[in-house]
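Architecture and fold: a report
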Amino acid sequence: MSEPDWMAEWRKKATFEKDIEVLKVIGETGYSRRMVIIQLVAGRLGKNPNNTSLIDAVNRLGGGTDKALDLVERIDVFDKQGSELGGSLPILIRLTDKGKHAFWMLTGQNAQECEFDRLMKHHKTPEHTLLNFLVRDQLVNDGHYEVLLEAPEIDLPTGEKFTPDIVVKDSKGEILYIEVERGTSKDEGYRIQKWRNHFAASHGKLFVYCDKPAFMKALMGEVNQALKDTRFSSYFSNYEDVRDGKRGQDGSVWLFKRE
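Because the structure is predicted, anything quoted here is derived from the model rather than measured. (Residues numbered from 1 in each chain as written. Predicted model: local features only at pLDDT ≥ 70, side-chain atom pairs only at ≥ 80, totals over all residues. Heavy atoms only, no water.)

**Overview of the overall build of the protein chain**
- The helix and strand tally for the protein chain stands at 10 helices and 10 strands.
- Here the protein chain holds 259 residues, and the buried ones make up 46% of them.
- Sequence separation of at least 24 residues holds for 56% of the intrachain contacts in the protein chain that already meet a minimum separation of 6.
- On the protein chain, roughly 14,000 Å² of surface is accessible, and the fraction owed to carbon and sulfur atoms is 47%.
- Positive and negative side-chain charges in the protein chain, numbering 38 and 41 respectively, have mean positions lying 2 Å apart. (Helix = DSSP H or I, 4+ residues; strand = E, 2+ residues; numbered from the N terminus. Buried < 20%, exposed > 50% of the residue type's maximum accessible area, 1.4 Å probe, protein only. Contact = heavy atoms within 4.5 Å. Areas by Shrake-Rupley, 256 points an atom, 1.4 Å probe, with all protein chains shown as cover. Lys, Arg positive; Asp, Glu negative; His and termini not counted. Charge placed at Lys NZ, Arg CZ, Asp CG, Glu CD.)

**Comments concerning unusual backbone geometry**
- Look at Asp70: it is not a glycine, yet its phi comes out positive at around 60°.
- Relative to the helices and strands, Asp70 is located in the loop between α4 (52–61) and β1 (72–74).
- Judged by relative accessible area, which is 39%, Asp70 ranks as partly exposed.
- The backbone phi angle of His203 is positive, close to 55°, even though this residue is not glycine.

**Describing the packing of helix α2 (residues 16–29) against helix α5 (residues 97–107)**
- The N-to-C vectors of α2 and α5 enclose an angle of 105°; their axes lie 10 Å apart at closest approach. Taken together, α2 and α5 sit at an angle that is classed as roughly perpendicular. Along the contact surface, α2 presents Phe16, Ile20, Leu23, Lys24, Gly27 and Glu28, while α5 presents Gly99, Ala102, Phe103, Leu106 and Thr107. (Axes fitted to C-alpha atoms, helices over the stretch in contact; angles between N-to-C directions. Parallel < 35°, antiparallel > 145°, perpendicular 65-115°, else oblique.)

**Let's talk about the nonpolar core**
- In this structure, Val135, Leu139, Ile166, Val168, Ile178, Tyr209 and Trp254 are the most contacted members of the largest nonpolar core, which totals 27 residues.
- Those elements giving two or more residues to this core turn out to be α6 (115–123), α7 (126–142), β3 (145–148), β6 (166–170), β7 (175–181), β8 (205–210) and α10 (239–243).
- Per-element tally for this core: the top contributor is α7, with six residues.
- Discounting residues that sit within four places of it in the chain, Leu139 has contacts with His144, Tyr145, Ile166, Val168, Ile178, Tyr209, Val253 and Trp254.
- Counting 24 residues, the second-largest nonpolar core is a separate cluster that includes Leu61, Val72, Ala102 and Leu106. (Core = buried A, V, L, I, M, F, W, Y, C linked by side-chain atoms within 4.5 Å.)

Distances and angles like these do not, on their own, reveal function.
So, in structure tokens, the structure goes:
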């Protein structure tokens, strides 16, 4: 298949190799956070992630100007400008249909589904999806976990299904299921059943991560009440405390353990 004229013109640009590396990272990984994408591109090209030319490359793949390629689009889903957890919200991007086609023409492969779109199907709200991103980062930075991108749908003995928010492999090779909760109002009956499903799916080993320390204490009581007639192990943590440098007695990100 012959290349379209716009791609032939793009190849002639001095920035083509840098541009295509950005496209490849997005297509190969499905990553949507611009910061993470730029870090990966910088590593491949041997550049400093703070190099402004990498942001320029992302912008050239975008749209909105005569010179832009319309291969990448920005994901604008948050109502607020700042995060509830402090700091600015991440810039999220994904391939357009034209971008997916360009990736296929350049690599012979189909682009991976955008991670944000994939997580939104499960987490329902942008804020919960963002918290999952942040928790994944903390787990990876801890150095003891590999985050698995695909979460399995687990059939329970009750006939219900359980899909964990995050699945990780620890340093011993054990697969762990982690539930992520935000301190927003939610039907208590729903969460009680969720903890029972988590118990059944994880064979009594529950890992729970939330946004704030006060809410973590509430969740600990909620889990204990929901599973009061069973024997279980539980591990709790929250994003704010871990971000601020707090760790459990063993130095891990898990601030409270009941084994």
